[in-house]
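Residue-level listing of the chains:
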Amino acid sequence: MYVALLRFSANKAAAAEHMTGHQNWIRQGVEDGVFLLVGSIEPGQGGAVLATGIAREEFQARVAEDPFVVHDVVAAEVIEVAPNLMDPRLAFLKN
């Protein structure tokens, strides 16, 4: 599984201009079953995406297509997590 940290960059002021595209990108990731959770990094530092069911290269390519990344509104960092011990409710993440 992956966590993408999308931290605001120097072009943060352009966020409003690209918000619709960014929201569509999020919606598509959820509809495709890749994004499990999307939320804000508080306080107001950017966002984070929890994803699974995709190869790392595919996820990195998807992150690179986010309009916020394309227009340098955020800088993206992808972290791969190999689950070892978890609450049974999250067992589906081990696959």
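Use the structure listed above.
Quantities reported herein were computed from a predicted structural model and do not represent experimental measurements. (Residues numbered from 1 in each chain as written. Predicted model: local features only at pLDDT ≥ 70, side-chain atom pairs only at ≥ 80, totals over all residues. Heavy atoms only, no water.)

Participant: Pulling in residues and values, what's your account of the environment of F92?
Facilitator: Here F92 is to be found in the segment after β4 (74–80). By relative accessible area, which is 45% here, F92 ends up partly exposed. Spatially, the C-alpha atom of F92 lies 9.7 Å from that of T52, the residues being 40 residues apart in sequence. (Helix = DSSP H or I, 4+ residues; strand = E, 2+ residues; numbered from the N terminus. Buried < 20%, exposed > 50% of the residue type's maximum accessible area, 1.4 Å probe, protein only.)

Participant: Any details on the pattern of salt bridges? Residues and values, ideally.
Facilitator: If you walk through the whole model with that rule in mind, you get three salt bridges. Here E80 ties to R56 by a salt bridge, and the two come within 3.3 Å at their closest N and O atoms. On the criterion of sequence distance, the pair formed by E80 in strand β4 and R56 in helix α2 (residues 56–64) is long-range, its members being 24 residues apart. (Salt bridge = Lys/Arg side-chain N within 4 Å of Asp/Glu carboxyl O.)

Participant: Give a description of the layout of surface pockets that names residues and reports values.
Facilitator: Space inside the largest pocket adds up to approximately 230 Å³. Contributing to the lining of the largest pocket are 16 residues, with H22, S40, G46, G47 and F68 lying nearest its centre. Elements supplying a minimum of two residues to the lining of the largest pocket: β1 (2–8), α1 (15–31), β2 (35–41) and β3 (46–51). For the lining of the largest pocket, the leading source of residues is α1, giving five residues. When the residues that make up the lining of the largest pocket are grouped by side-chain class, the tally is 10 nonpolar, six polar and no charged. (1 Å grid on protein atoms, 1.4 Å probe; cavity = no way out; pocket = protein on both sides within 12 Å on 5 of 7 lines; lining within 4 Å. Points joined across faces, edges and corners; volume = space filled by probe spheres on them. Nonpolar A, V, L, I, M, F, W, Y, C, P; charged D, E, K, R; others polar.)

Participant: Go over α2, please, and point to the residues and values.
Facilitator: Among the residues of α2, those classed as buried are F59, R62 and V63. Seen along its axis, α2 keeps its buried residues to an arc of 100°; they face one direction. Elements that come into contact with the buried residues of α2 comprise β1, α1, β2, β3, α3 (67–70) and β4. (Arc of directions from axis to C-beta. Contact = heavy atoms within 4.5 Å.)

Participant: With reference to specific residues and values, describe the sheet that holds β1.
Facilitator: Reading across from one edge, β2-β3-β1-β4 is the order of the four strands in this open sheet, with antiparallel pairing throughout. Bordering the open sheet on either side are β2 and β4, each of which pairs with just one other strand. Sheet twist, expressed as the average angle between the axes of neighbouring strands with direction ignored, equals 15°. With six bridges connecting them, β1 and β3 associate as antiparallel partners. Bridge pairing in β3 links L6 to G47. (Pairing = 2+ DSSP bridges. Axes fitted to C-alpha atoms, helices over the stretch in contact; angles between N-to-C directions.)

From the geometry alone we can't say anything about function, so treat these as descriptive.
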